[in-house]
Amino acid sequence: MKVKEMNDFEMPEGIRRRRNGPMIEEMRKREAAFKESALERWLNSVPKAHHGFSLDDIKNDRWGGKLDRSEVVQVTRYVQSGGSRFMLLQGPEGTGKSTLAVTIFSELVKKNGKKAKHYVVPQLLSAFSFPRDGEDPLGDASKVPFLVLDDMGAGNGEMTPHQQRSMWALIDARWSNPEL
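Every value quoted in this text rests on a predicted model; they were computed, and no experiment measured them.

Digging into the packing of aromatic side chains
- Tallied over the full model, the rule gives two aromatic pairs.
- In this structure an aromatic cluster arises from ring pairing among W42, F105 and F146.

Some points on helix 7 (residues 161–175)
- The terminal C-alpha atoms of helix 7, which comprises 15 residues, lie 21 Å apart, in line with the 21 Å expected from a rise of 1.5 Å per residue.
- The set of residues buried in helix 7 consists of Q163, S166, M167, L170 and R174. Looking straight down helix 7, one finds that the buried residues subtend no more than 95° of arc, so they occupy a single side. Across from the buried face of helix 7, at angles greater than 90 degrees, the exposed residues are P161, R165, W168 and W175.
- As for helix 7, its buried residues are in contact with helix 5 (121–129), helix 6 (137–143) and strand 2 (146–150).

What about the nonpolar core?
- With 20 residues, the main nonpolar core has W42, I104, F105, L108 and V109 as its most contacted residues.
- Within the residue set of this core, elements represented by two or more residues are helix 1 (22–44), helix 2 (55–59), helix 3 (69–80), helix 4 (97–112) and strand 2.
- The element that contributes the greatest number of residues to this core is helix 4, accounting for seven residues.
- In this view, W42 contacts V102, F105, S106, V109, A116, K117, H118 and V148; residues no more than four positions away in its chain are not counted.
- By size, the runner-up hydrophobic cluster in this structure holds 10 residues, among which are Y119, F128, A141 and M167.

A word on the pattern of salt bridges
- Per the stated rule, a full pass over the model turns up five salt bridges.
- In this structure, E31 engages K35 in a salt bridge whose closest nitrogen and oxygen atoms are separated by 3.3 Å. Of this pair, E31 and K35 both sit in helix 1, four residues apart, which is roughly one turn of the helix.
- Across the salt bridge formed by D57 and R62, the nearest N and O atoms sit 3.2 Å from each other.
- Accessibility expressed as a relative area gives 13% for D57, which makes it buried.

Conventions we followed
Throughout, residues of each chain are indexed from 1 in the direction in which the sequence is written. The model is predicted, so local features are restricted to residues of pLDDT at least 70 and side-chain atom pairs to those at 80 or more, both for listing and for counting; the totals for chains, interfaces and linings are taken over all residues. As a convention, hydrogens and water are excluded, and side-chain values are obtained from all of the structure's heavy atoms. Only Phe, Tyr and Trp rings take part, Trp by its six-membered ring, and two of them pair if their centres are within 6.5 Å. Stacked means planes under 30 degrees apart, edge-to-face means over 60, and tilted covers everything else. Starting at the N terminus, helices and strands are each numbered in turn, a helix being any DSSP run of H or I of at least four residues and a strand any DSSP run of E of at least two. One less than the residue count of a helix, multiplied by 1.5 Å, gives the span that helix is expected to have. Type-normalised accessible area, obtained with a 1.4 Å probe on protein chains alone, sets the label of each residue: buried when under 20%, exposed when over 50%, and partly exposed for intermediate values. Read the arc as the range of directions from the helix axis to the C-beta atoms. Here a residue-residue contact requires only that any non-hydrogen atoms of the pair lie within 4.5 Å. Only buried Ala, Val, Leu, Ile, Met, Phe, Trp, Tyr and Cys residues count toward a nonpolar core, and they belong to the same one when joined by side-chain atoms within 4.5 Å. For this analysis, a salt bridge means a side-chain nitrogen from Lys or Arg found within 4 Å of a carboxyl oxygen belonging to Asp or Glu.

Interpretation note: all reported values are geometric properties and have no functional meaning in isolation.
Written out as structure tokens, the structure is:
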């Protein structure tokens, strides 16, 4: 028995492979529109103060944050790899963590079109305790592929037992799902 490589495979008479053409071009347009829509939804969940920066701005120190060269390399590799399961940004107030996170995830959403959501933790904790009609903050945050939990140390530092259970349930749901 002889196994042929795909490039050795002979197409039936009259059929040829297409690399371009109207259908391929239409698929590319739809994919671009889908990614643009995902980016728009993501940016709608983020404070406007963090909009407008790119990976190039980070690389060229045009974003107002504070990163040394090794950290810039880490950020660049993270984005180029498509992101890993978890990323932690920590540092003092005013160093650009939120802007950096928004920039990183904007690049990832542009790259692959996956959904992303930004939550300010004190507001998320409040939503756990007092959800609006028809909203499921725990379910929504548990399922979105890219999740940014911002300002974890903000607020009064006290969580109600319900908020603690909800936060642990969120962490557990995301940790146990390898797709996220």
